[in-house]
Each structure stands twice: as C-alpha cells, then as structure tokens.
Amino acid sequence: MSENIGNSLHCNLKQCRAPIISHCFVTSCSHMFCTKHEWESKNLSIEGRQKCPVCNMELYKELDLIQVNVNPSDNYRAIVLAGLSPDIIFDIASRAISFYNQQVHRDMFLQSSQIKHLATQLALVENNFERMTTKAEEEIQNHSSKVETLENKNRIMAEKLQELNKVLFDRNHVFKNLQVKYENLRMDLEAFKQKQKELVMFKADISPFLSNQQECPTHYFQRVPKQQTPNFQMNFSNNQGARPFFNTTPETPRTKATHFSNIF
C-alpha cells in the first residue's frame, strides 16, 4: 500500500510554493520543483543547456535533472535497490535523507522568514492601530470638548434670545403706545391747524373793518347776555318783627354792542 510521503515538501520557487504530491523534478543542486511550471522547456539556453531557476546552476549532465515519483508503488520500492550492496544502499539512503532534511530546513527557513516578515508587518499594523486609536481618542475628546462648548454657547444664546424677545415685546408695547399718542397728537395738530386756518380767515374777514374803523357786523361779535339772576335785598320791617324777607328785582339787560369800542 502506497503512502503519501511527499506532502510535507514544497516547490522551491518562491512565487509557487505548491506542495509536492505525486511527481516532481529534482536537480543535482538539491532543488525540487513541481511539474506544473514546465520549466524544462522555459529554461533552455542558447547552447541547449538547462539552468536551475533558483541558483542558475547549469544542468548539462545526464542525471543533473530527473523526474521523481515521490509516492512510488510497493513493486518499485521492492526492486529499485535490489542487487545493491548494503554500503551502496546506505550511501543512497543517507544522501536521500540529507536531501530531504535540506528541503525541510529550507521550508522551515522560508516559513520562519515569512513569520518574521508577518510579525514585522503585524507590529507595524499594531503600531498604526495604536497610533490611530490614540489619535481617534484625542479627536473624540476634542470633539466632546467642542460639543460641550457649543452646548454652553447654545444655552447662553438661548438665554440671550429669551431676554431679547422680552425686551422686544416691551419695546413693541411701548411703540404701540407711542403710535397711539402720535396719532392723537397728529389729530390734535390737524385740528389746531384747522382752527389756525379758520382764525386766519377770520382775521382776513375783519381786517377791513379794523383798518377803516367801520361798524363790524354784529354777527361776528355778540356778547351772550348774562343769565338774569334775582337781586336779593334785605328788608327789615317793624311789622315783620325783624324777620328778613327778600325782594327780587330783575336786572336790566345790557344793550347789544354796536361799535368796536364797546367790544374791546
């Protein structure tokens, strides 16, 4: 029964690193490659010699490049070393084990290099992450401070706005009162102007009479007669026993003014 003993080895090309499963190419410079590259035809030089794609060693001898089945059958294993002396078998086995150990160490070295490279990248990523985290925390703190400052400013502005609204309401009330007073004063002024206009017209009407000392029409100046009031007189009579009584005599009405001298 065959066993898959080549699954721990990989192609020596860095850009490939595919696991060796069944067949591979092995060189005398201790390198092995998978069969999918077809590197035999690609690496033929002008002189017809092949070169190792890893170390560029010329492979011009007959057994410098062979194809190997890494998972041979039981019949092949039973006959491949048959007839050889133990020294030759041991020499072949020791060289095969040395080649295998070299491939394992190569894989371990490449893996350790990859691990170091990945660890370096991880450290850089962690440093970047820590730096970005610190920067983000600082920005969050700055934004929190700005938000708190803006909230305080907003509260102060709201209080000022409320005070200004109150002042505006009071001033609107005062303005309405002043507007009412202004309308009243305007109406009084218009009435005063109307009266002044009537007075000017009146003076214009009476100016001829004042300049010529003519008799003014009585309808301009008429004194309103005083209301007739009773003239109370005390009269003491002996027959009445010193009891007072009142005699009322109507007052003589005044004559109407017929001349300016009687008016002014």
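Residues numbered from 1 in each chain as written. Predicted model: local features only at pLDDT ≥ 70, side-chain atom pairs only at ≥ 80, totals over all residues. Heavy atoms only, no water.

Looking at an unreviewed UniProt entry, one finds the protein named RING-type domain-containing protein, with Clastoptera arizonana as its source organism.

Engineer: Where do I start with the overall build of the protein in this structure?
Structural biologist: Of regular secondary structure, the protein possesses four helices and seven strands. Moving toward the C terminus, one meets the helices and strands of the protein in the order β-β-α-β-β-β-α-α-β-β-α. In the form shown here, the protein has an accessible surface area of approximately 22,100 Å², with 57% of it arising from carbon and sulfur atoms. (Helix = DSSP H or I, 4+ residues; strand = E, 2+ residues; numbered from the N terminus. Areas by Shrake-Rupley, 256 points an atom, 1.4 Å probe, with all protein chains shown as cover.)

Engineer: Could you clarify how one ought to interpret the side chain of aspartate 64 in this entry?
Structural biologist: With respect to the helices and strands, the residue aspartate 64 is situated in the loop between strand 4 (58-59) and strand 5 (65-69). Buried charged residue aspartate 64 carries no salt bridge. Nearest counter-charge: lysine 61, at 5.5 Å. Every residue in contact with aspartate 64, bar those within four places of it in the chain, is listed here: Val26, Thr27, Ser28, Glu58 and Leu59. (Buried < 20%, exposed > 50% of the residue type's maximum accessible area, 1.4 Å probe, protein only. Lys, Arg positive; Asp, Glu negative; His and termini not counted. Salt bridge = Lys/Arg side-chain N within 4 Å of Asp/Glu carboxyl O. Contact = heavy atoms within 4.5 Å.)

Engineer: Help me understand unusual backbone geometry in this model?
Structural biologist: Leaving glycine out, the prevailing phi sign among residues is negative, and the prevailing peptide bond configuration is trans. Backbone geometry at arginine 17 places phi at a positive 55 degrees, although glycine is not the residue there. In the Ramachandran plot, asparagine 56 falls in the positive-phi region, its phi being about 60 degrees despite a non-glycine side chain. Its location among the elements puts asparagine 56 in the loop between strand 3 (50-51) and strand 4.

Engineer: Can you help me understand the nonpolar core in this one?
Structural biologist: If you look at soluble globular proteins, the nonpolar side chains tend to sit buried side by side. Counting 15 residues, the largest nonpolar core has Cys11, Cys16, Ile20, Cys24, Met32 and Cys34 as the members making the most contacts within it. Top contributing element to this core by residue count: strand 2 (residues 32-34), with three residues. (Core = buried A, V, L, I, M, F, W, Y, C linked by side-chain atoms within 4.5 Å.)

Engineer: What is the right way to read the sheet that holds strand 5 from this model?
Structural biologist: The strands making up a sheet are joined through hydrogen bonds of the backbone, oriented either antiparallel or parallel. Within the open sheet, the three strands sit side by side as 2-1-5. Their pairing is antiparallel. Across the chains shown, the open sheet's two edge strands, defined by having one partner strand only, are strand 2 and strand 5. On average, each strand axis in the sheet is inclined to that of its neighbour by 30 degrees, with strand direction left out of account. Note that strand 1 (residues 23-27) and strand 2 share three bridges and pair antiparallel. (Pairing = 2+ DSSP bridges. Axes fitted to C-alpha atoms, helices over the stretch in contact; angles between N-to-C directions.)

Engineer: Looking at this structure, I do not really get the pattern of salt bridges. What am I missing?
Structural biologist: Charged atoms that come close allow side chains of opposite charge to pair. Scanning all chains against the criterion turns up five salt bridges. Of the charged contacts in the structure, one is a salt bridge between arginine 95 and aspartate 91, with a shortest N-O distance of 3.4 Å. In this pair, arginine 95 and aspartate 91 are both assigned in helix 3 (residues 86-212), four residues apart and thus about one turn of the helix distant. Here arginine 155 and glutamate 159 are joined by a salt bridge, their closest N and O atoms 3.6 Å apart. Separated by four residues within a single helix, arginine 155 and glutamate 159 lie in helix 3, roughly one turn from each other. Judged by relative accessible area, arginine 155 falls into the partly exposed class, the value being 45%. Here the salt bridges do not stand alone but share partners, grouping Glu183, Arg186 and Glu190 into one network.

Engineer: In this structure, what is going on with the pairing of strand 1? I would like to understand it.
Structural biologist: When a strand is regular, its side chains alternate between the sheet's two faces. Of all five residues that make up strand 1, four are buried, and the element is covered over most of its length. Between strand 1 and strand 2, which pair antiparallel in sequence order, lie four residues; one of them, serine 30, sits at a positive phi of approximately 65 degrees.

Engineer: What is the right way to look at a nonpolar patch on the surface in this model?
Structural biologist: A cluster of nonpolar side chains, Tyr76, Val80, Leu81, Leu84, Ile88 and Ile92, forms an exposed patch at the surface whose accessible area comes to about 470 Å². Positionally, isoleucine 92 belongs in helix 3. You can call isoleucine 92 partly exposed: its relative accessible area is 37%. (Patch = residues over 30% accessible without salt bridge, like charges linked within 9 Å, V, L, I, M, F, W, Y side chains within 5 Å.)

Engineer: I tried to follow the state of the cysteines on my own but got confused; where do I start?
Structural biologist: Between two cysteines, a covalent bond joining their sulfur atoms is known as a disulfide. This model, assessed by the stated rule, comprises zero disulfides. No disulfide involves cysteine 11; its sulfur sits 3.8 Å from that of cysteine 34, the nearest cysteine. Unpaired in this structure, cysteine 24 has its nearest cysteine sulfur neighbour in cysteine 34, at a distance of 9.1 Å. (Disulfide = S-S within 2.5 Å.)

Engineer: Where do I start with the environment of leucine 84 in this structure?
Structural biologist: Looking at where leucine 84 falls in the secondary structure, it is placed in the loop between helix 2 (74-79) and helix 3. Judged by relative accessible area, leucine 84 falls into the partly exposed class, the value being 33%. In this structure leucine 84 touches Ile89 and Ile92, once residues within four positions along its chain are discounted.

Engineer: How do you make sense of the confidence of the model for the protein when you look at a structure like this?
Structural biologist: Regions with low pLDDT should not have their predicted coordinates read in detail. Overall, the predicted model of the protein reaches an average pLDDT of 77, with 72% of residues at or above 70. Of all secondary-structure elements in the protein, the lowest mean pLDDT belongs to helix 4 (residues 260-263), at 41, while helix 3 reaches the highest, 90. Low pLDDT, under 50, characterises residues 40-47; the predicted model gives this stretch 10 contacts beyond four residues in sequence or across chains. (pLDDT = per-residue confidence, 0-100.)

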